[in-house]
Amino acid sequence: MTDVTDGVLHTLFQSDQGGHEQVVLCQDRASGLKAVIALHSTALGPALGGTRFYPYATEEEAVADALNLARGMSYKNAMAGLDHGGGKAVIIGDPERDKTEELLLAYGRCVASLGGRYVTACDVGTYVADMDVVARECRWTTGRSPENGGAGDSSVLTAFGVYQGMRASAQHLWGDASLRGRKVGIAGVGKVGHHLVEHLRQEGAEVVVTDVREDAVRRVLDQHPEGVEAVADTDALIRVEGLDIYAPCALGGALNDDTVPVLTAKVVCGAANNQLAHPGVEKDLADRGILYAPDYVVNAGGVIQVADELHGFDFERCKAKAAKIYDTTLAIFARAKTDGIPPAAAADRLAEQRMAEARAAR
């Protein structure tokens with residue numbers, strides 16, 4: 001236990017992946033709540049990021065995930081042009097078994113205790129109805145239902161932003177933003193993925209899907225009897241012949257030492273967070289001639305939406321902001337070419353520059 005904890009502390013205080021301002025461990029024994037709230041940066045404003053409810057194998061794994069996700073939110077919010085820093089929360093447990101009203105209310109009290117330094121929202125394992133419950137104890141809650149003053153499901157604009165990132169990738173690589181006739185593979189057709197299928201089919205793209213849940217795949221196939229096919233798993237998807245774009249839309253770590261060498265796609269652009277399993281994968285992609293659209297740039301539509309809730313939600317205003325992901329993605333590709341670095345590194349530089357300027361202006 002000591003060695004593992006030391007590893008987490010090393011990440012927090014000493015590694016390049018650390019630098020977090022605050023990490024809060026939350027517990028409510030009456031409800032069974034065990035949660036971690038990580039604030040990476042508040043340089044641009046209050047930290048904003050979702051709440052993940054997941055059955056982590058260990059508490060240390062949960063802390064590590066919170067740290068990684070919070071750091072990613074700092075970069076995502078910076079590149080989205082939001083006046084928010086990055087934070088993330090994880091609740092340890094099986095949402096199907098452990099999620100209760102009492103637990104969510106206890107979690108809301110934990111978030112409220114931070115006094116507005118952290119604004120929460122939905123993530124894997126949490127939904128709009130859950131945020132409505134959390135908001136009863138915490139006014140710094142977004143992703144609520146329209147009936148409760150919120151914007152509703154943020155996956156709609158998340159998918160729209162990923163679609164804009166795909167269009168920018170196509171423009172950069174093939175000189176044409178149209179996706180008509182392109183073959184796109186989507187791993188994960190849940191909250192975001194099935195909306196992404198809609199955009200792609202409307203433009204005339206061919207779509208190949210997979211998901212660990214058979215009902216999710218069946219829903220997509222029923223909605224799109226033409227132009228969509230399914231494969232058994234992600235391992236089969238990344239090997240599909242003639243694949244133009246691969247879209248990881250489930251959990252992170254999809255791009256690793258095993259998957260990158262066998263990818264058939266020329267572009268990776270998806271909604272999942274933390275797609276690069278470890279530093280260096282972005283170079284492996286570049287060495288293979290695969291264009292990588294940084295995940296935290298293209299999947300920012302959702303955070304744009306929930307941030308807007310704090311100012312009185314307007315869907316068209318948010319959609320216009322999310323449409324700018326197209327231009328931001330193109331700018332990152334241009335910076336990468338100019339600096340001779342992978343797009344992921346170019347995006348990091350631009351985000352770090354914005355955060356550094358904000359800190360200097362304080």
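This text gives an overview of the structure that appears in the document. The numbering scheme is per chain: residues are counted from 1 as the chain's sequence reads. Reporting in this predicted model follows two pLDDT cut-offs: at least 70 for local features of residues, and 80 or more for side-chain atom pairs to be given and counted; totals over whole chains, interfaces and linings ignore these cut-offs and use all residues. Calculated side-chain values reflect all of the structure's heavy atoms, with hydrogen atoms and water omitted.

## A short note on the side chain of Thr142
To keep things clear, this is the line we draw: Secondary structure elements follow DSSP: runs of H or I of four or more residues count as helices, runs of E of two or more count as strands, with numbering from the N terminus. Here, residues are in contact when the closest pair of their heavy atoms is within 4.5 Å.
As for its position among the elements, Thr142 is in the loop between α5 (128-134) and α6 (155-174). Among all residues touching Thr142, those that are not within four sequence positions of it are Leu48, Val119, Thr120, Ala121, Met131, Val306, Glu309 and Leu310.

## Things to note about the packing of aromatic side chains
Where we set the bar: Pairing of aromatic side chains here covers Phe, Tyr and the six-membered ring of Trp, requires ring centres within 6.5 Å, and sorts the geometry by plane angle: under 30 degrees stacked, over 60 edge-to-face, intermediate tilted.
Summed over all chains, the structure comprises 3 aromatic pairs. Ring centres of Tyr54 and Tyr56 lie 5.1 Å apart, and the angle between their planes is 70°; this geometry places the pair in the edge-to-face category. When the centroid spacing of 5.8 Å and the interplanar angle of 65° are considered together, the rings of Tyr75 and Tyr296 count as edge-to-face. Here the residue Tyr75 occupies a position in helix α2 (residues 59-79), and Tyr296 occupies one in helix α11 (residues 295-298), the gap between them amounting to 221 residues.

## Here we look at α2
To be explicit about the condition: In a helix, the anticipated span is given by 1.5 Å times the number of residues less one.
Relative to the 30 Å expected for 21 residues at 1.5 Å per residue, α2 spans 31 Å between its end C-alpha atoms, a close match to the ideal helical length. Immediately downstream of α2, the backbone of Gly81 shows phi near 75°, a positive value.

## Notes on the pattern of salt bridges
Which entries qualify depends on this criterion: The term salt bridge refers to a side-chain nitrogen of Lys or Arg lying within 4 Å of a carboxyl oxygen of Asp or Glu. Each residue gets one of three labels from its accessible area relative to the maximum for its type: buried under 20%, exposed over 50%, partly exposed in between, using a 1.4 Å probe on protein chains only.
Counted under the stated rule, the structure contains 21 salt bridges. Put simply, Glu309 and Arg144 hold a salt bridge, and the shortest N to O gap is 3.4 Å. Placement of Glu309 in helix α12 (residues 301-309) and of Arg144 in the loop between α5 and α6 is noted, with a sequence separation of 165 residues between them. Neither Glu309 nor Arg144 differs from the other in exposure class; each is buried. Salt-bridge contacts for Asp308 lead to Arg317; the nearest nitrogen and oxygen are separated by 2.9 Å. Judged by relative accessible area, which is 3%, Asp308 ranks as buried. Under the relative-accessibility criterion, Arg317 is labelled partly exposed at 35%. A single salt-bridge network, built from bridges that share partners, covers Arg52, Asp65, Lys88 and Asp123.

## A look at the sheet that holds strand β9 (residues 228-230)
What counts here: The rule for pairing is simple: two strands pair if DSSP sees at least two bridges between them. Throughout, an axis means a line fitted to C-alpha atoms (over the contacting stretch in the case of helices), and angles, computed between N-to-C directions, take values from 0 to 180 degrees.
Taken together, the 6 strands give an open sheet; going across it, the order is β9-β8-β7-β10-β11-β12, and neighbouring strands pair in parallel fashion. In the strand order of this sheet, the two ends are held by β9 and β12 (291-292), each with one partner. The pairing of strand β10 (residues 245-248) with strand β11 (residues 267-268) spans 2 bridges and is classified as parallel. From the neighbouring strand, Tyr246 faces β11, where its bridge partner is Val268. Here helix α7 (residues 193-203) sits on the sheet and contacts β7 (183-187), β8 (206-210), β9 and β10; the angle it forms with β7, its principal contact strand, is near 170°.

## As for the pairing of β8
To be explicit about the condition: Note on handedness: a clockwise path from strand one over the helix to strand two, with the strands aimed away from the viewer, defines a right-handed crossover.
Of all 5 residues that make up β8, 4 are buried, and the element is covered over most of its length. For β7 and β8, the ladder comprises 5 bridges, and the chain directions are parallel. Its bridge partner being in β8, Gly185 is matched across the sheet by Val208. For the segment spanning β7, α7 and β8, crossover handedness is right-handed. For the handedness criterion, the β-α-β arrangement of β8, helix α8 (residues 214-223) and β9 is classed as right-handed.

## Brief notes about the pairing of strand β1 (residues 22-28)
With 7 bridges joining them, β1 and strand β2 (residues 33-41) adopt antiparallel strand pairing. In the sheet register, Asp28 faces β2, and the bridge partner there is Leu33. In sequence, β1 turns back onto β2 through a hairpin of 4 residues, with Gly32 there showing a positive phi of about 90°.

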